[in-house]
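# Structural characterization, general
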Amino acid sequence: MLFLAASVAPHLPRPGRLSSLPDDQFLSAVGHYGGIPPEVLDTPEVMALFLPALRSDFEIFDDYRFIPYPPPTCPVHLYGGRDDRQVAATQLEAWRDVLPGVRSTELLPGGHFFLLDQRDALVDSIADTLLAGYPNAVSA
């Protein structure tokens, strides 16, 4: 099985190049994702340490180009945050256009980083899905 979370389908258009923005604009844009505490964003010494890694992450994202490929044949399950301002439910559901094996979509409370706040619910859902897919599996 394949589990995908908080990700825009690969064939959809990407926003402009965030990685090439000036520092202040880049940090403002990254701050909208919601995964970095404000006290970290507002501490120049800390951000100086993290800025190169953040830019590298976004550069990979910015440079990505979708190339059609044979889809995996396994079942696929999608997860998203109900209040995610970065990945709308329609962008998550668009995975169905390129992955015919999508079996379910579940939106959990939270934004783009719902996986942090909803870790237990996410793990429970994945475990239930795995156990349903493998009924002879032993559960703990």
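Let me begin by describing the structure that accompanies this report. (Residues numbered from 1 in each chain as written. Predicted model: local features only at pLDDT ≥ 70, side-chain atom pairs only at ≥ 80, totals over all residues. Heavy atoms only, no water.)

### Structural notes on the overall build of the chain
Along the backbone of the chain there are six helices and three strands. The buried share of the chain, reckoned over its 140 residues, is 29%. A fraction of 78% describes how many contacts in the chain between residues 6 or more apart in sequence connect residues 24 or more apart. Summing over all exposed atoms, the chain offers an accessible surface of approximately 8700 Å²; the carbon and sulfur share of this is 59%. In the chain, which carries 9 positive and 18 negative side-chain charges, the distance between the mean positions of the two groups comes to 8 Å. (Helix = DSSP H or I, 4+ residues; strand = E, 2+ residues; numbered from the N terminus. Buried < 20%, exposed > 50% of the residue type's maximum accessible area, 1.4 Å probe, protein only. Contact = heavy atoms within 4.5 Å. Areas by Shrake-Rupley, 256 points an atom, 1.4 Å probe, with all protein chains shown as cover. Lys, Arg positive; Asp, Glu negative; His and termini not counted. Charge placed at Lys NZ, Arg CZ, Asp CG, Glu CD.)

### Let's talk about the pattern of salt bridges
Between side chains of opposite charge, pairing is possible as soon as their charged atoms come close. As enumerated under the stated definition, the model contains three salt bridges in all. One salt bridge connects R17 with D63, and the closest N-O pair in it is separated by 2.6 Å. With R17 in the loop between β1 (2-5) and α1 (23-31) and D63 in helix α3 (residues 44-63), this residue pair connects regions lying 46 residues apart in the sequence. The class for D63 is partly exposed, based on a relative accessible area of 41%. Residues R96 and E93 are paired through a salt bridge, measuring 2.5 Å at the closest nitrogen-oxygen approach. (Salt bridge = Lys/Arg side-chain N within 4 Å of Asp/Glu carboxyl O.)

### Topic: the pairing of strand β2 (residues 76-81)
Among the six residues of β2, six are classified as buried, and the element is accordingly described as predominantly covered. On β2, burial covers both faces: V76, L78 and G80 on one face and H77, Y79 and G81 on the other are all buried. Note that β1 and β2 share four bridges and pair parallel. Bridge pairing in β2 places L2 opposite V76. (Pairing = 2+ DSSP bridges.)

### Quick look at the nonpolar core
With twelve residues, the main nonpolar core is built from L4, V8, A9, V76, L78, V87, L92, A94, W95, V98, L99 and V102. In contact with V8, not counting residues within four places along its chain, are R14, Q86, V87, Q91 and W95. Among the nonpolar cores identified, the runner-up in size contains ten residues, and F26, L27, M47 and L54 belong to it. (Core = buried A, V, L, I, M, F, W, Y, C linked by side-chain atoms within 4.5 Å.)

### Points about the sheet that holds β1
Taken in spatial order, the three strands line up as β1-β2-β3 in an open sheet, and their pairing is parallel. Bordering the open sheet on either side are β1 and β3 (102-108), each of which pairs with just one other strand. Each strand of the sheet is rotated relative to its neighbour by a mean of 20°, with strand direction disregarded. Sheet strands in contact with helix α6 (residues 119-133) are β1, β2 and β3, and its direction is about 165° off that of β2. (Axes fitted to C-alpha atoms, helices over the stretch in contact; angles between N-to-C directions.)

### Digging into α1
What α1 keeps buried is the set F26, L27, A29 and V30. Buried residues in α1, looked at end-on, bunch into an arc of 160°, giving them a common side. Contact partners of the buried residues in α1: α2 (38-41) and α3. (Arc of directions from axis to C-beta.)

### Remarks on unusual backbone geometry
Non-glycine residue A6 carries a positive phi angle of around 50°. By secondary structure assignment, the location of A6 is in the loop between β1 and α1.

### What about α3?
Since the α-helix packs 3.6 residues into each turn, any two residues three or four apart lie on the same face. Spanning 20 residues, α3 covers 27 Å between terminal C-alpha atoms, matching the ideal 28 Å at 1.5 Å per step. The largest bend along α3 reaches roughly 45° and is located at F50, with the proline P52 sitting one to four residues downstream. Among all positions in α3, only M47, L51, L54, R55, F58 and D62 are buried. Here the buried face of α3 lies against α1 and α2. (Expected span 1.5 Å × (residues − 1). Bend = angle between axes of the 7 residues up to and from the residue.)

Just distances and angles here, no functional claims.
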